[in-house]
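Observations on chain architecture
Single-letter residue listing:
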Amino acid sequence: MNLPALCFCVFVCTLIQLFLPRAWKHYLGKSPGRHQGESKENQLTAMDRQGGQNNFQYASGTYQGPPQQYGYPSPGPVGFPNYQQPAASFNPPQPGMPGLSQWVPPPQPMNCPPGLEYLTQIDQLVIHQQVEILEALIGFETNNKYEIKNSLGQRVYFAVEENDCCTRNCLGNLRPFVIKILDNSGREVINFERPFRCVSCCFPCCLQELEIQSPPGVPIGYVTQNWHPFLPKFTVLNEHRQEVLKITGPCIVCRCCSDIDFEIKSLNEETTVGKITKQWTGVIKEMFTDADNFSIQFPLDLDVKMKAVMLGACFLIDFMFFERSGDSNTERGGVWQ
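A brief structural summary. (Residues numbered from 1 in each chain as written. Predicted model: local features only at pLDDT ≥ 70, side-chain atom pairs only at ≥ 80, totals over all residues. Heavy atoms only, no water.)

**Description of the pattern of salt bridges**
For the structure shown, the criterion picks out 13 salt bridges. For R155, the salt bridge is made with E147, and the minimal N-O distance between the two is 3.6 Å. Residue class for R155 comes out partly exposed when judged on its relative accessible area of 38%. Note that E243 is salt-bridged to K246, the shortest N-O span being 3.7 Å. On the accessibility criterion, E243 (46% relative accessible area) is partly exposed. (Salt bridge = Lys/Arg side-chain N within 4 Å of Asp/Glu carboxyl O. Buried < 20%, exposed > 50% of the residue type's maximum accessible area, 1.4 Å probe, protein only.)

Here it is in structure tokens:
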């Protein structure tokens, strides 16, 4: 072999040694091989391991769903529609503006004493007198207690008489009394005060009267008895002793297996705007107890103070005509008894 051919062979071998390893490595990188398979297997193993941990968390705990984002409603239970409701937003106070205040109560009705707000929404009250076991068994007079309910039977107020033992048992239905009206939280909202007066029509100058106070100590109205030879009649007065309404009862007031109505009328007594009804409660309860049930109906738009006065008129009627007297254990059948 001559020298030029030898030099050419050496040059070709040198090029092969320089470029062949690089080309071979590049080819191995593009084609699937053992190293690439191991890499994918490691990735799948890591994903399976992570998925197993997540499944274990859902199985052992309670799934709370995706995290809730502020300003958007949270997703509802699976299988139920998701009702979109407006989300509450928080507006930070601006510079120079007062900070956020607490919950502000709704505005109170005009000219309404505290505690009588509920009376502005109703046109009927039901009064149930509680049965006293000691009074029913031996006739020992105790302080009367009443539950005042709405037309649905829900208790609105509770009434309790405050009197001493001697006055209750000696004067009977003639006794003066103070009845306190409490709301469901135990707050005293109304006071009824009855002084000692005559009940017979033979003494027309000293007939019955009841004062209504709300809040206690502040008069808001009066109920006065009017002289009449046959009928029980009353006048409803406001806090200035101005006549507002009239109340007229039947000539004979007795328990006769039916309800007894006392009509609430206008001042000219031509229009009936409501009534106070003594409800029949059954033979056994009427014979052996003096626990009575009443209902009061009045116009919905009647002044709330006059509604409270109507409640007081109901208690006055109860004591005058349906409360057992202390000596004879009987009731009055009319204005002459």
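**Quick look at the nonpolar core**
Ranked by size, the top nonpolar core spans 49 residues in total, and within it I181, F192, I247, I276 and F315 carry the most contacts. Residue contributions to this core peak at 15 residues, all from helix α6 (residues 304–322). Discounting chain neighbours no more than four positions away, the residues touching F192 are F177, V178, I179, I181, L210, E211, I212, A308, L311, G312 and F315. (Core = buried A, V, L, I, M, F, W, Y, C linked by side-chain atoms within 4.5 Å. Helix = DSSP H or I, 4+ residues; strand = E, 2+ residues; numbered from the N terminus. Contact = heavy atoms within 4.5 Å.)

**Section: unusual backbone geometry**
The residue after S214, namely P215, is reached through a cis peptide bond having omega -5 degrees. Assignment of secondary structure puts P215 in the loop between β6 (209–213) and β7 (219–226).

**Describing the sheet that holds strand β3 (residues 155–162)**
Strand order in this closed barrel of 12 strands is β1-β2-β3-β4-β5-β6-β7-β8-β9-β10-β11-β12, and the pairing throughout is antiparallel. Between one strand axis and the next, the sheet turns through 20 degrees on average, direction left out of account. Note: strand β2 (residues 145–149) against β3, 5 bridges, orientation antiparallel. Bridging across to β3, K149 finds its partner in R155. Across the sheet, α6 touches β1 (124–129), β2, β3, β4 (177–183), β5 (188–194), β6, β7, β8 (233–238), β9 (243–248), β10 (260–265), β11 (272–279) and β12 (293–297), and the angle it forms with β7 is around 40 degrees. (Pairing = 2+ DSSP bridges. Axes fitted to C-alpha atoms, helices over the stretch in contact; angles between N-to-C directions.)

**Quick look at the pairing of β3**
Taken across its 8 residues, β3 has 6 buried, putting it largely inside the fold. Following β2, the chain reverses through 5 residues before pairing antiparallel with β3; G153 in that reversal takes a positive phi of roughly 85 degrees. Two elements, β3 and β4, share 6 bridges in a ladder whose sense is antiparallel. Across the sheet, the residue bridging to A159 is I181, located in β4.

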